[in-house]
Amino acid sequence: MHQDSTDPSAARTPGDPDPAPSPITEAGAEDLVRGICFKTGPPRVLGAELEWLVVDAERPGELVPPERLNAAHDAARALPLRSGFSIEPGGQLELSSAPAASLTECLDGLRADLVAVRSALGSMGLALQGSGCDAREAVPRLVASPRYDAMESYLDRSGPGGRAMMRASASVQVCVDAGFEEPGPFGHGRRWRMAHLLGAVFVSAFANSPSASGRYAGWRCARQGIWGDLDARRTLAPALDAEPRAAWAAHALDTEVMCVRSHGDGRGAWAVPRGVTFRDWLRAAAAPEGGDGRDGRDGGPAATLRPPTAEDLEYHLTTLFPPVRPRGHLELRMIDAQPGDDGWLVPVAVVHALFDDPEAAETAYRVAKGLADGYGPEAAPRNRLWRSAARFGPADPELRAAAAVCFRAAVDALPRLGAATYVVDAVAGFADRYVRRGRCPADDRPPGPGAGTAAGTGVAR
């Protein structure tokens, strides 16, 4: 998720006049999405976003009062960090690395910032916890903003899963370049498809949100199940058998609008339309008054909205939460937050190795092709392969075998990519402890009650 800083209106001073940006057409919207989603070229840049739960160091099972969390956030925000710093709705803390030219640069920057943040929080009796879902009950929403007010209102229509995602989930997101325009080991089409197929392997290997009861009782990655519940389309991948740019543009425009920002300072209440896709919004704005009814101009919900702009479209893209999000680069969003101070670096290193080392990329692609039949007709994360990964983790023999091959390839590739010895050792150690034994981090934890109450929202399903 992204904070309100993604909203261009947030940069304006309250009270400034509305700049009244020009409306965008349907053709212009399609061109804009195609232009910004896949920026091709040689893979050379890496990034990571780390989300953490903030807990009491001595009583991690108890909720931390909002005033303590706010004070901790202020202390961390005041640090001279190299990473981007933000707060998720339930008080989760997020560090986002700057785009890095090497794995070492990416990891070193995040590790240094984490040392500083942990020290600041430790002095206040608090700690960072790496877990895909918060097992504590009734996690409140700490962050109030027009974006999150609108998001919560929209997601509540699908049940309590939205609040669980917003307030009680945490992940490791890894960002890699889209790849070359042309086909080949680093072609963007191959990397796009591989990310979705290997995504199930990553869900399985790094599952760290076990649940003991409710809808996801027995699942290793209840967080992934919650994501799949949010709404009919917003968290799904587009069709993989289509050209990536066309598939993503169609998917984005045919997904419902979550919210319509207020103009001016952007701080008033935002509209939360019902059943209006971005394409509906575009067509309603383009239709003459008193249209034929198919475009919403005769009183449908799209007709009540102001005309959409390019800024509205760019904002709409930030409200889409597929497992792999194209943002110029590819943002892999399916990995649970990992335990331990440095557990997060293992998925970052593995993804980098499999996508950016030529030999490992070929191995990973062969593994991905072998998984293709299990993907099924449904989109991720709702198809058989992804649901098996979330439910069983590496106990699924096909995913366990795929993970074993991928981790061997990653361990071999990391020295070629200049990885430090401690990184290679961490990945090899994870493979020995988990992958080769058919286990995942969730197997080290007693299952939490999360899925029985939508992962700590306090709302029974």
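Up top is the structure.
To start, this report covers the structure provided alongside it. (Residues numbered from 1 in each chain as written. Predicted model: local features only at pLDDT ≥ 70, side-chain atom pairs only at ≥ 80, totals over all residues. Heavy atoms only, no water.)

**Topic: the overall build of the protein**
Then comes step 1: Within the protein, the secondary structure is distributed over 15 helices and seven strands.
Then comes step 2: Burial statistics for the protein: of 461 residues in total, 56% are counted as buried.
Then comes step 3: For the protein, the exposed area adds up to about 17200 Å²; of that, 53% sits on carbon and sulfur atoms. (Helix = DSSP H or I, 4+ residues; strand = E, 2+ residues; numbered from the N terminus. Buried < 20%, exposed > 50% of the residue type's maximum accessible area, 1.4 Å probe, protein only. Areas by Shrake-Rupley, 256 points an atom, 1.4 Å probe, with all protein chains shown as cover.)

**A few points about the pattern of salt bridges**
Then comes step 1: Counted by the stated rule, this structure contains 36 salt bridges.
Then comes step 2: The partner of Glu331 in a salt bridge is Arg333, with the nearest N and O atoms 3.0 Å apart.
Then comes step 3: Take Glu331: its relative accessible area is 0%, and that puts it in the buried class.
Then comes step 4: Salt-bridge contacts for Asp432 lead to Arg436; the nearest nitrogen and oxygen are separated by 2.2 Å.
Then comes step 5: Through salt bridges with shared partners, one network takes in Arg141, Asp149, Glu152, Asp156, Arg163 and Arg167. (Salt bridge = Lys/Arg side-chain N within 4 Å of Asp/Glu carboxyl O.)

**Re the pairing of strand β4 (residues 126–129)**
Looking along a regular strand, one sees the side chains alternate between the two faces of the sheet.
Then comes step 1: Only one face of β4 is covered, namely the face carrying Leu126 and Leu128; the face carrying Ala127 and Gln129 is uncovered.
Then comes step 2: In the sheet, strand β1 (residues 46–56) pairs with β4 via four bridges, with the strands oriented antiparallel. Bridge pairing in β4 places Val54 opposite Leu128. (Pairing = 2+ DSSP bridges.)

**With respect to the side chain of Thr235**
Then comes step 1: Within the fold, Thr235 resides in the loop between α7 (222–228) and α8 (244–253).
Then comes step 2: Here the side chain of Thr235 touches Trp227 through a polar contact of 3.0 Å, landing on its backbone oxygen.
Then comes step 3: Contact partners of Thr235, with chain neighbours within four places excluded, come to Trp227, Gly228, Leu230, Phe321, Pro322, Pro323, Ala380, Pro381 and Arg382. (Polar contact = N/O pair within 3.5 Å; in protein donor to acceptor, adjacent residues only side chain to side chain. Contact = heavy atoms within 4.5 Å.)

**Describing the packing of aromatic side chains**
Then comes step 1: Taken as a whole and judged by the stated rule, the model has nine aromatic pairs.
Then comes step 2: A ring pair is formed by Phe278 and Trp281, whose centres lie 5.2 Å apart and whose planes are at 65 degrees; its orientation type is edge-to-face. Residue Phe278 and its partner Trp281 are both found in helix α9 (residues 278–286); the two are separated by three residues, about one turn of the helix.
Then comes step 3: Ring geometry for Phe407 against Phe430: centres 5.6 Å apart, planes inclined by 10 degrees, an arrangement best described as stacked. Here Phe407 is found in helix α14 (residues 397–416), whereas its partner Phe430 is found in helix α15 (residues 421–433), with 23 residues between them in sequence. Here Phe407 and Phe430 have matching classes, each one buried.
Then comes step 4: Members of the aromatic cluster, joined through ring pairs, are Phe206, Phe407, Phe430 and Tyr434.
Then comes step 5: Sitting over the face of the ring of Tyr365, Arg190 holds its NZ or CZ atom 3.8 Å from the ring centroid. (Phe/Tyr/Trp six-rings, centres within 6.5 Å; stacked < 30°, edge-to-face > 60°. Lys NZ or Arg CZ within 6 Å of the ring centre and 35° of its normal.)

**Regarding empty space enclosed by the protein**
Then comes step 1: Counted according to the given criterion, the structure contains seven cavities of 30 Å³ or more.
Then comes step 2: Empty space within the largest cavity amounts to approximately 140 Å³.
Then comes step 3: Breaking the lining of the largest cavity down by element, the ones donating at least two residues are β1 and α2 (66–77).
Then comes step 4: Taken together, the residues of the lining of the largest cavity sort by class into nine nonpolar, three polar and three charged. (1 Å grid on protein atoms, 1.4 Å probe; cavity = no way out; pocket = protein on both sides within 12 Å on 5 of 7 lines; lining within 4 Å. Points joined across faces, edges and corners; volume = space filled by probe spheres on them. Nonpolar A, V, L, I, M, F, W, Y, C, P; charged D, E, K, R; others polar.)

**Details of the packing of helix α11 (residues 345–356) against α14**
Then comes step 1: At a minimum axis separation of 9 Å, α11 and α14 run at an interaxial angle of 85 degrees. Taken as axis vectors, α11 and α14 run roughly perpendicular relative to one another. Mapping the contact onto sequence places Val346, Ala349, Val350, Ala353 and Leu354 in α11 and Cys406, Phe407, Ala409, Ala410, Ala413 and Leu414 in α14.
Then comes step 2: Broken down by class, the residue content of the contact of α11 with α14 amounts to 11 nonpolar, no polar and no charged. (Axes fitted to C-alpha atoms, helices over the stretch in contact; angles between N-to-C directions. Parallel < 35°, antiparallel > 145°, perpendicular 65-115°, else oblique.)

**Quick word on helix α10 (residues 310–318)**
Then comes step 1: Restricting attention to buried positions, one finds in α10 the residues Asp312, Leu313, Tyr315, His316, Leu317 and Thr318.
Then comes step 2: Against α1 (26–37), α4 (146–155), α8, α9 and β6 (324–326) lie the buried residues of α10.

**Thoughts on the pairing of strand β2 (residues 84–87)**
Then comes step 1: With four bridges connecting them, β2 and strand β3 (residues 93–96) associate as antiparallel partners. Note on β3: the bridge partner recorded for Gly84 is Ser96.
Then comes step 2: Counting the residues in the hairpin turn of β2 and β3 gives five residues, including Gly91, whose phi is positive at 95 degrees.

**A look at the environment of Pro99**
Then comes step 1: Within the secondary structure, Pro99 sits in the loop between β3 and α3 (103–122).
Then comes step 2: Along the backbone, Pro99 and Ala48 are 51 residues apart, and their C-alpha atoms lie at a distance of 8.3 Å.
Then comes step 3: Setting aside anything within four residues of it in sequence, one finds Pro99 in contact with Val45, Leu46 and Glu105.

**Concerning the nonpolar core**
Then comes step 1: In this structure, Leu198, Phe202, Leu332, Trp344, Leu354 and Phe407 are the most contacted members of the largest nonpolar core, which totals 130 residues.
Then comes step 2: The residues contacting Leu354, other than those within four sequence positions of it, are Met194, Leu198, Phe202, Ala360, Ala361, Ala364, Cys406, Ala409 and Ala410. (Core = buried A, V, L, I, M, F, W, Y, C linked by side-chain atoms within 4.5 Å.)

**As for the state of the cysteines**
A covalent bond bridging the sulfur atoms of two cysteines is what the word disulfide describes.
Then comes step 1: Within this structure, the stated rule accounts for zero disulfides.
Then comes step 2: Cys133 carries a free sulfur, and the closest cysteine sulfur to it, the one in Cys221, is 7.3 Å from it. (Disulfide = S-S within 2.5 Å.)

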